[in-house]
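Residues per chain are reported as follows:
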Amino acid sequence: MMRSTLLRSSGRYLASSCSKLRREEEALLMLTMAASPELRMDELPSDPLLHILSYLGFRDLVRCSYVSRRLNDLSKHNPLWKSLCCKHWLLSDADRLQSGVSWYCLFRQYYGDLGRYIQYYPVLKRAWEQLKDFLQQRCPRMIASLKDGASEVELNDIEAQIGCRLPDDYRCSYRIHNGQKLVIPGLMGSMSLSNHYRSEVLLDVETAAGGFQQRKGMRRCLPLTFCFHTGLSQYMALEPAEGRRMFESFYPCPDQTAQDPSAIDMFITGSCFLEWFTTYVHNVVTGEYPIIRDQIFRYVHDKGCVATTGDITVSVSTSFLPELSSVHPPHFFFTYRIRIEMSSSASPEAACQLDSRYWKITTSDGNVEEVQGPGVVGEFPVMTPGKVHEYASCTTFSTPSEYMEGHYTFHRLANKEEEVFQVAIPRFHMVCPPFREPVTRTQKASSSSYSARFDDHDDDGEYCDGDGDDFGDLRGINMAALEGAWCPRHI
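All values derive from a computational prediction rather than experimental measurement.

Caption draft 1: Quick peek at the packing of aromatic side chains. Throughout the structure, instances matching the rule amount to 27 aromatic pairs. Judged by centre distance (6.3 Å) and plane angle (10 degrees), the ring pair of Phe 107 and Tyr 111 falls under stacked. Remark: Tyr 111 and Phe 107 occur in helix 8 (residues 103-114); sequence separation between them is four residues, near one turn of the helix. Residue classification places Tyr 111 among the partly exposed positions, given a relative accessible area of 33%. Relative to Trp 276, the ring of Phe 273 has its centre 5.6 Å away and its plane inclined at 45 degrees; by these criteria the two rings are tilted. Linking Phe 273 with Trp 276, this pair stays in helix 14 (residues 273-285), spanning three residues, or about one helical turn. In this structure Phe 273 comes out as buried when scored by relative accessible area, which is 1%. Trp 276 gets classed as buried once you look at its relative accessible area, which sits at 6%. Ring pairs connect the aromatic residues Phe 58, Trp 81, Trp 89, Tyr 104, Phe 107, Tyr 110, Tyr 111 and Tyr 121, which therefore count as one cluster. The ring centre of Phe 421 lies 4.1 Å from the NZ or CZ of Arg 412, which sits over that ring. A cation over a ring is seen here: Arg 427 above Tyr 403, with NZ or CZ 4.1 Å from the ring centre.

Caption draft 2: Region of interest: the side chain of Asp 168. Its location among the elements puts Asp 168 in helix 12 (residues 168-176). Not counting chain neighbours up to four residues away, the residues in contact with Asp 168 comprise Arg 116, Tyr 117 and Tyr 120.

Caption draft 3: The packing of helix 11 (residues 152-162) against helix 12, seen in detail. Running from N to C, helix 11 and helix 12 cross one another at 135 degrees; their axes reach a closest spacing of 10 Å. Relative to helix 12, the element helix 11 lies oblique. Crossing of helix 11 over helix 12 shows right-handed handedness. On helix 12, the residues touching Glu 152, Leu 155, Asn 156 and Glu 159 of helix 11 are Arg 171, Tyr 174 and Arg 175. Here the residues of the contact of helix 11 with helix 12 are counted per class, giving two nonpolar, one polar and four charged.

Caption draft 4: Quick peek at a nonpolar patch on the surface. A cluster of nonpolar side chains, namely Leu 182, Ile 184 and Phe 228, defines an oily patch on the protein surface of about 250 Å² accessible area. The topology assignment puts Leu 182 in the loop between strand 2 (177-180) and strand 3 (190-193).

About the thresholds
- Residues numbered from 1 in each chain as written.
- Predicted model: local features only at pLDDT ≥ 70, side-chain atom pairs only at ≥ 80, totals over all residues.
- Heavy atoms only, no water.
- Phe/Tyr/Trp six-rings, centres within 6.5 Å; stacked < 30°, edge-to-face > 60°.
- Helix = DSSP H or I, 4+ residues; strand = E, 2+ residues; numbered from the N terminus.
- Buried < 20%, exposed > 50% of the residue type's maximum accessible area, 1.4 Å probe, protein only.
- Lys NZ or Arg CZ within 6 Å of the ring centre and 35° of its normal.
- Contact = heavy atoms within 4.5 Å.
- Axes fitted to C-alpha atoms, helices over the stretch in contact; angles between N-to-C directions.
- Parallel < 35°, antiparallel > 145°, perpendicular 65-115°, else oblique.
- Left-handed = near helix turned anticlockwise from the far one by under 90°.
- Nonpolar A, V, L, I, M, F, W, Y, C, P; charged D, E, K, R; others polar.
- Patch = residues over 30% accessible without salt bridge, like charges linked within 9 Å, V, L, I, M, F, W, Y side chains within 5 Å.
- Areas by Shrake-Rupley, 256 points an atom, 1.4 Å probe, with all protein chains shown as cover.
- Salt bridge = Lys/Arg side-chain N within 4 Å of Asp/Glu carboxyl O.

Dropping the structure here:
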């Protein structure tokens with residue numbers, strides 16, 4: 001009885017002088033010894049203990065190693081750290097064999113080098129590997145243009161040079177690949193339309209630092225991409241200044257109607273580097289952005305935007321061009337790519353030729369315009385079984401969103417009576433990215449039909465102010481107007 005009391009007292013004394021995890025473990029150990037002196041931690045079987053440890057993260061495993069000699073030995077069990085190496089560093093058996101060290105030591109090596117990025121590294125590393133695997137056969141020039149990762153010292157030097165902190169997700173990505181060489185085509189997408197062409201390069205951190213902005217209207221902004229043909233860049237805001245939120249990415253758009261030349265509107269492309277980059281990679285590797293002539297084209301295809309009439313299927317993808325658009329004055333430039341395909345199972349007698357097109361265009365303020373004309377971009381394609389015809393065209397609007405639909409008129413080639421029929425063009429929407437006006441304008445501006453707020457709205461459906469921050473006015477499409485009543489107008 002006295003022995004049991006002494007053990008319990010000793011247990012309470014030890015528990016009060018240890019860390020939380022060690023205190024609980026030693027208290028449990030003392031109670032176990034008091035109740036059953038024959039059971040000790042070093043006598044418990046390893047398998048159930050290892051099973052329990054397998055549920056712990058790497059931080060908890062390290063803490064367990066300080067509890068007792070037994071747990072110290074078990075917490076370094078190779079299979080435990082193999083799982084953690086695969087999860088956090090995406091390492092394989094081949095990587096471990098090449099290193100020549102245990103999984104535990106390999107984890108420590110990577111953590112010592114990349115530990116500050118552990119929440120971002122597996123996501124960004126996987127995105128980079130998916131992108132490279134996808135482009136290896138399709139766009140080998142892009143893969144060859146990628147630069148090796150930057151070092152911590154180089155990134156620290158860049159921060160000292162520009163006087164701003166780089167976000168950890170950006171730093172993590174640049175530890176993997178330091179952008180690409182200044183070559184064409186660019187990794188971040190291309191667009192070709194008539195005599196307009198652009199291709200955006202992912203800038204290495206040294207070149208980006210050279211373009212770091214301190215001028216009024218663009219203070220503390222770091223370029224992410226650059227196009228040689230248009231001078232177009234996407235930027236990342238390194239500080240919350242002049243209507244921008246910290247670390248969001250955007251295309252700058254000068255306000256052409258403002259007396260102050262530093263008034264800059266912004267087309268927002270991402271809330272942080274991680275979202276911006278991984279969203280782009282997802283669109284590439286899933287085929288959302290098509291590969292055309294060894295280049296990535298940033299056309300977006302809505303999977304529901306397909307219409308089949310008889311043996312002919314029409315599908316549409318769209319793209320917004322910020323370099324040809326402006327918020328003030330309202331001028332939004334879109335391009336669309338149409339694919340017309342005749343089923344390979346169609347009979348030879350189904351061969352036909354396109355004669356004309358008809359469009360019905362509805363803008364977000366409810367206006368409707370009808371357009372008819374011969375052919376498509378000056379061509380009159382002939383469709384035969386298995387034939388595919390693709391073409392690109394463009395349109396501009398004073399509203400940031402609209403939709404188009406219509407039909408083509410064809411005639412049969414094998415029919416002497418010249419059978420004429422229509423092929424439906426599915427409705428497709430063209431929507432510009434959300435945009436924000438500078439604070440100086442939004443403090444004075446009143447609401448207008450072409451830039452309805454979408455941050456918040458009241459119960460009556462009227463748009464109202466957001467949370468009163470100092471980041472300008474985030475604006476975009478008015479879906480209610482887009483789906484609302486039409487005001488037919490024949491042109």
